[in-house]
Amino acid sequence: MKSTNLPIERKKRIALIAHDSKKDDLLEWVQFNRASLVEHELYATGTTGWLLEHELGLDINQMQSGPLGGDLQIGAKISEGGIDILIFFWDPLEAQPHDPDIKALLRLSVVWNIPVAMNRCSADFIISSPLLESEYERLAPDYEEYRKRMEQRYDEFLPKQ
């Protein structure tokens with residue numbers, strides 16, 4: 001499959017998500033890294049976004065709560081090129097009612113080749129990278145051939161104009 005370079009601006013669009021048992025960890029991490037994070041555009045799912053705004057006074061673009069579709073909203077933004085980095089403190093020991101949504105979100109992060117931190121250690125590596133403060137050319141798969149192949153394959157089923 002061919003690849004394409006997708007530019008990421010100096011000001012990143014960062015999604016912040018945390019399961020209930022990890023929200024305190026994420027709040028501490030964000031507070032510690034506040035000076036870096038305020039330089040970027042921040043997104044979060046429902047309760048996490050509310051906590052970040054009210055506890056830390058940050059400007060957050062809030063989605064729905066994860067179980068109500070927030071993870072899927074973030075995933076959609078990733079597929080549209082609207083999220084550059086995903087910081088997702090998730091609890092691997094607790095079943096979630098929206099596990100399929102979480103899997104879809106992580107899959108889209110891989111499909112579109114964006115950096116993902118799933119714990120505090122990996123988040124520390126991302127936030128301390130010199131690439132966070134500079135423009136970057138992200139190499140992503142070029143799905144145009146796939147789209148054309150699907151159009152040809154299902155052309156007979158598509159409405160004619």
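All values reported here derive from a predicted model rather than from experimental measurement.

Basis of the calculations
- Residues numbered from 1 in each chain as written.
- Predicted model: local features only at pLDDT ≥ 70, side-chain atom pairs only at ≥ 80, totals over all residues.
- Heavy atoms only, no water.
- Helix = DSSP H or I, 4+ residues; strand = E, 2+ residues; numbered from the N terminus.
- Buried < 20%, exposed > 50% of the residue type's maximum accessible area, 1.4 Å probe, protein only.
- Polar contact = N/O pair within 3.5 Å; in protein donor to acceptor, adjacent residues only side chain to side chain.
- Contact = heavy atoms within 4.5 Å.
- Pairing = 2+ DSSP bridges.

Caption draft 1: Main features of the side chain of histidine 40. You can see histidine 40 is positioned in the loop between helix H2 (34-37) and strand S3 (41-44). What makes histidine 40 buried here is its relative accessible area of 5%. Of the polar contacts made by the side chain of histidine 40, one reaches the side chain of glutamate 133; its length is 3.5 Å. For histidine 40, the contacting residues outside a window of four places in its chain are Arg10, Lys11, Lys12, Ile14, Leu132 and Glu133.

Caption draft 2: Highlighting the pairing of strand S2 (residues 13-18). Here S2 lies mainly inside the structure; 5 of its 6 residues are buried. Looking at chain direction, S2 and S3 are connected through 4 bridges and run parallel. Residue pairing in the sheet places arginine 13 in a bridge with glutamate 41 of S3. Pairing of S2 with strand S5 (residues 85-89) involves 5 bridges; the strand directions are parallel. Counterpart to leucine 16 in the pairing with S5 is isoleucine 87.

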